[in-house]
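So you can see what is in the structure, the chains are spelled out below.
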Amino acid sequence: MEAHTLGRSSTSERVDVDKSGEQMNIVIVGHVDHGKSTVIGRLLADTGSLPDGKLDAVKAFCALNSRPFEYAFLLDALKDEQSQGITIDTARTFFKSSKRHYIVLDAPGHIEFLKNMVTGAARAEAALLVIDAKEGIRENSRRHGYLLSMLGIRQISVLVNKMDLVDYSQEVFNSIREEYTRFLARIDITPKFFIPISAFQGENMIGPSAKIPWYSGHSVLAAVDAFEKEPPKPHQPFRMPVQDVYKFTAMGDDRRIVAGRVESGSIKVGDEVLFLPSNKKSRIKSIEAFNEPIRSEVLSGYTPGFTLTEQVYINRGELMVKASEPQPSVSRLIRANIFWMGRKPLEMGRGYFLKLGTSKIPVRLKRINYLIDASDSLEKRDKANIERHDVADCVLELSRAIAFDAIADMEATGRFVIVDQYEIAGGGIIREALPDDQEDLRSEVAQREEKFERSAIVPEKRMQRLNQRPTLILITGEGSTDRKGVGKAIEEELFEMGRFAYYIGMANLLYSVDADLKDKGQSRAEHLRRLGEVAYLMLEAGLLLVVSARDLDDHDLKALETVIAPYPLLTVCMGGCKLDEGGEEVLYCPSGSQISQVVPQIIAKLQHMGSIFNP
Ligand code: GTP
Ligand code: MG
């Protein structure tokens, strides 16, 4: 169980430069050496945001060491002072205009920064993109443009810098503007302004430039002041990824607290809530916060705990939403934009983990729609992999469904990272949910849950009493394998261990619950659904349920997982299995394995999964 503090969370974003006044985060991007640091240094100097004497001191230091003065040195010299007492990363600088305070994130061009942006660790409301007039549009000019679009930063102004090196030529400026506007249009960005500047000479930085008489538009400062503050989003639907479920221990209290961070919207005592993807429904009974006055409503940014009127069994990773509000999508298939940072490429079909909110789920790359790589084209290419620093529009397949939103609808639940062997190797945003093969089944389950009469016994209390977590153990394999033998042996072993286990053979259902299904081949999906529903009832009753069924495939397992969620499924795969990927938990037993070998393996696996405790 992870450490979790109830109460108000402090995000590193919220740096109080000045308690009054508006604040805006902007990011500055562009190709190496095109002048990002110089633009920032100039803005600081010309807006009077520097400590007294700082500029002269740095200039004097350069003269003394016979080095040409660089604004980048000025920024280095400032880092230590500006970051004193506040934890901020070193790529941030502050300046102020008469309108508001700015935090500028300087893209140092190295990967840490992009990683922070993609993972959402750093956020910006608007961007300045710097292009060197002499060098023209380069690799990162495009890549960063694409990244801004991916990150959902729509407010962009383009600074065509080093105009002094091209004699302030209007033709050079126009041609860069035309070419870059065309590129941005393809990725859905309309820049607010294109500004010809010389950052080093201070032309067009905070006011009109005599050297550029043919331009009468905004200066850089006027352009940043023209960025609009994003309106607050209190009216967005409520979203809270469940971080954990705690129990009150005081004096036999059996209340459970569902805890997490409210990512958006608000919620009150009495509101009806839904947990997705399991579709469990309940109502807010109380809002608990540590060391805070009792409240009847919480807003985004808080990390409260909730008690519920009706006790439902849910796990970390589910998304808590309000039943009366627009619902998130639930699917196993998503179209996403990914930025890959891993040393090894993201390979088609290989296994990774996707982390979104508090859920972490196995994922595979299923298709690349198009990608932008180092050679900068948005064309579809025949690459099977997404390589380091590539940005791709692609389709991902999750091993089980999750609840999420498209990034256009919701920032917090539309962003994810991809983990390759314990390391964050990529990040991305969800463009849209794609229909998967479980939609019908999912809506049936939603209806079932809508009507389901819950027991008065808190599920976790039942688990404690029985000393086990209800789990479906599915023994499958080809015709010749001894699935029944293993199934019965494991039931017996669990019974001997003092657990409550029960074995069902497929025939038990075929001639009872399934008696009306004539054509066994045709109604395979219906057989499975019924098997799943029977299993669900027994899992609700607290059992470790063992089922043997011949030749199940990936699709069948996903269907079962959907019906019994959030209870776990352990698939035991005997001999030549048809599984390609399998479900969440699979135990492979090679053909010819003895029952006496298989049983201890299953027991160990159940312990590992947390289905049986206190071995
Ligand atoms: P990285 O952080 O390394 O990606 O570079 P950057 O984009 O921050 O560029 P920086 O501001 O360090 O400028 C790179 C070089 O271009 C420095 O030598 C600057 O002095 C020079 N430079 C920046 N702006 C101008 C300008 O307007 N005119 C001229 N002539 N040189 C400039
Ligand atoms: Mg720099």
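None of these values were measured; they are calculated from a predicted model. (Residues numbered from 1 in each chain as written. Chains lettered and ligands numbered in written order. Predicted model: local features only at pLDDT ≥ 70, side-chain atom pairs only at ≥ 80, totals over all residues. Heavy atoms only, no water.)

**Student:** What exactly am I supposed to notice about helix H13 (residues 554-564) here?
**Tutor:** Count 3.6 residues to each turn of an α-helix, and residues three or four apart come out pointing the same way. Counting buried positions along H13 yields 10 of 11 residues, so the element is predominantly enclosed. Those residues of H13 that are buried lie in contact with strand E17 (329-340), strand E22 (391-404), helix H8 (439-451), strand E25 (471-477), helix H12 (524-540) and strand E28 (569-574). Its side-chain oxygen at 3.2 Å from the backbone nitrogen of His555, Asp553 defines the N-terminal cap of H13. (Buried < 20%, exposed > 50% of the residue type's maximum accessible area, 1.4 Å probe, protein only. Helix = DSSP H or I, 4+ residues; strand = E, 2+ residues; numbered from the N terminus. Contact = heavy atoms within 4.5 Å. Polar contact = N/O pair within 3.5 Å; in protein donor to acceptor, adjacent residues only side chain to side chain.)

**Student:** Looking at this structure, how should I read the packing of aromatic side chains?
**Tutor:** Geometrically, a pair of aromatic rings is defined through the distance of the ring centres and the angle of the planes. Evaluation of the coordinates by the stated rule reveals 11 aromatic pairs. Aromatic side chains Tyr536 and Tyr567 sit 6.1 Å apart centroid to centroid with 55 degrees between the ring planes, which places their arrangement in the tilted category. You can see Tyr536 sitting in helix H12 and its partner Tyr567 sitting in the loop between H13 and E28, a full 31 residues away along the chain. Cluster of aromatic residues (ring-pair linked, three or more members): Tyr313, Phe452, Tyr536 and Tyr567. The aromatic ring of Phe183 is capped on one face by Arg142, whose charged end is 5.9 Å from the ring centroid. (Phe/Tyr/Trp six-rings, centres within 6.5 Å; stacked < 30°, edge-to-face > 60°. Lys NZ or Arg CZ within 6 Å of the ring centre and 35° of its normal.)

**Student:** What's the story with the sheet that holds strand E5 (residues 126-132) in this structure? I'm lost.
**Tutor:** Remark on secondary structure: sheet strands pair via backbone hydrogen bonds, oriented parallel or antiparallel. A sheet is described by the order of its strands in space; here six strands give the open sequence E3-E4-E2-E5-E6-E7, paired in mixed fashion. Two strands bound the open sheet, and with one partner strand each, they are strand E3 (92-96) and strand E7 (193-196). Each strand axis lies, on average, 25 degrees off the axis of its neighbour in the sheet, ignoring direction. One ladder, built from five bridges, connects E3 with strand E4 (residues 101-106); its direction is antiparallel. Residue pairing in the sheet places Lys96 in a bridge with His101 of E4. (Pairing = 2+ DSSP bridges. Axes fitted to C-alpha atoms, helices over the stretch in contact; angles between N-to-C directions.)

**Student:** Can you help me understand the pattern of salt bridges in this one?
**Tutor:** For side chains of opposite charge, pairing can occur when their charged atoms come near one another. Under the counting rule described, the total for this entry stands at 38 salt bridges. Across the pair Asp271 and Lys268 runs a salt bridge, and its minimum N-O distance is 3.7 Å. Among the salt bridges present, the one from Lys605 reaches Glu585, with a minimum N-O distance of 3.2 Å. Note that Lys605 is positioned in helix H14 (residues 595-608) and Glu585 in strand E29 (residues 585-589), a separation of 20 residues in sequence. Beyond isolated ion pairs, a larger network of salt bridges with shared partners links Lys280, Arg448, Glu449, Arg454, Glu533 and Glu540. (Salt bridge = Lys/Arg side-chain N within 4 Å of Asp/Glu carboxyl O.)

**Student:** Can you walk me through the site of ligand 1 in this structure?
**Tutor:** The local shell around ligand 1 holds 16 residues, among which Lys36, Ser37, Thr38, Glu70 and Asp164 are the closest. Measuring from an oxygen atom of ligand 1, one finds a backbone N or O atom of Asp33 at 3.1 Å. Isolated, ligand 1 exposes 650 Å² of accessible area, and the fraction of that covered by the protein chains is 80%. For the shell around ligand 1, the element with the highest residue contribution is helix H1 (residues 36-46), accounting for three residues. Of the residues assigned to the shell around ligand 1, the class counts are four nonpolar, seven polar and five charged. (Near = heavy atom within 4 Å. Areas by Shrake-Rupley, 256 points an atom, 1.4 Å probe, with all protein chains shown as cover. Nonpolar A, V, L, I, M, F, W, Y, C, P; charged D, E, K, R; others polar.)

**Student:** Explain H14 to me, please; I cannot follow it from the model alone.
**Tutor:** With 14 residues, H14 extends 20 Å from end C-alpha to end C-alpha; this agrees with the ideal 20 Å at 1.5 Å per step. Within the sequence span of H14, burial applies to Val598, Val599, Ile602, Ile603, Lys605 and Leu606. All buried residues of H14 fall inside an arc of 165 degrees around its axis, so they share one side. Among the exposed residues of H14, those pointing more than 90 degrees away from its buried face are Ser596 and His608. Close packing links the buried residues of H14 with E25, helix H10 (483-496), E28 and E29. Looking one or two residues past H14, Gly610 carries a phi angle of roughly 80 degrees, positive in sign. (Expected span 1.5 Å × (residues − 1). Arc of directions from axis to C-beta.)

**Student:** What is the right way to read the confidence of the model for the chain from this model?
**Tutor:** Low-confidence regions, as indicated by low pLDDT, have predicted coordinates that should not be scrutinised in detail. Of all residues in the chain, 87% have pLDDT values of 70 or greater, and the mean over the chain is 86. Scored below 50 in pLDDT, residues 1-19 makes 49 contacts in the model with residues more than four places away or belonging to other chains. Below pLDDT 50 for its whole length, residues 83-90 participates in six contacts with residues either more than four positions away or in separate chains. (pLDDT = per-residue confidence, 0-100.)

**Student:** I would appreciate a short explanation of unusual backbone geometry in the present structure.
**Tutor:** A cis amide bond links Leu276 with the next residue in sequence, Pro277, at an omega value of 10 degrees. Along the chain, the position of Pro277 falls in the loop between strand E11 (272-276) and strand E12 (280-288). Notably, Tyr168 is not glycine yet its phi reads approximately 55 degrees, a positive angle. You can call Tyr168 buried: its relative accessible area is 12%. Look at Asn279: it is not a glycine, yet its phi comes out positive at around 70 degrees. Its location among the elements puts Asn279 in the loop between E11 and E12.

**Student:** What's the story with the packing of H10 against H14 in this structure? I'm lost.
**Tutor:** To describe two helices that pack against each other, one gives the angle between their axes and the distance between the axes. At their nearest, the axes of H10 and H14 sit 10 Å apart, and the two run at 55 degrees to each other. Compared by their axis directions, H10 and H14 come out oblique. In the crossing of H10 with H14, the sense of the turn from one axis to the other is right-handed. Taking contact as the criterion, the partners of Gly485, Val486, Ala489, Ile490, Glu493 and Leu494 in H10 are, on H14, Ile595, Val598, Val599, Ile602, Ile603 and Leu606. The residue makeup of the contact of H10 with H14, split by class, is 10 nonpolar, one polar and one charged. (Parallel < 35°, antiparallel > 145°, perpendicular 65-115°, else oblique. Left-handed = near helix turned anticlockwise from the far one by under 90°.)

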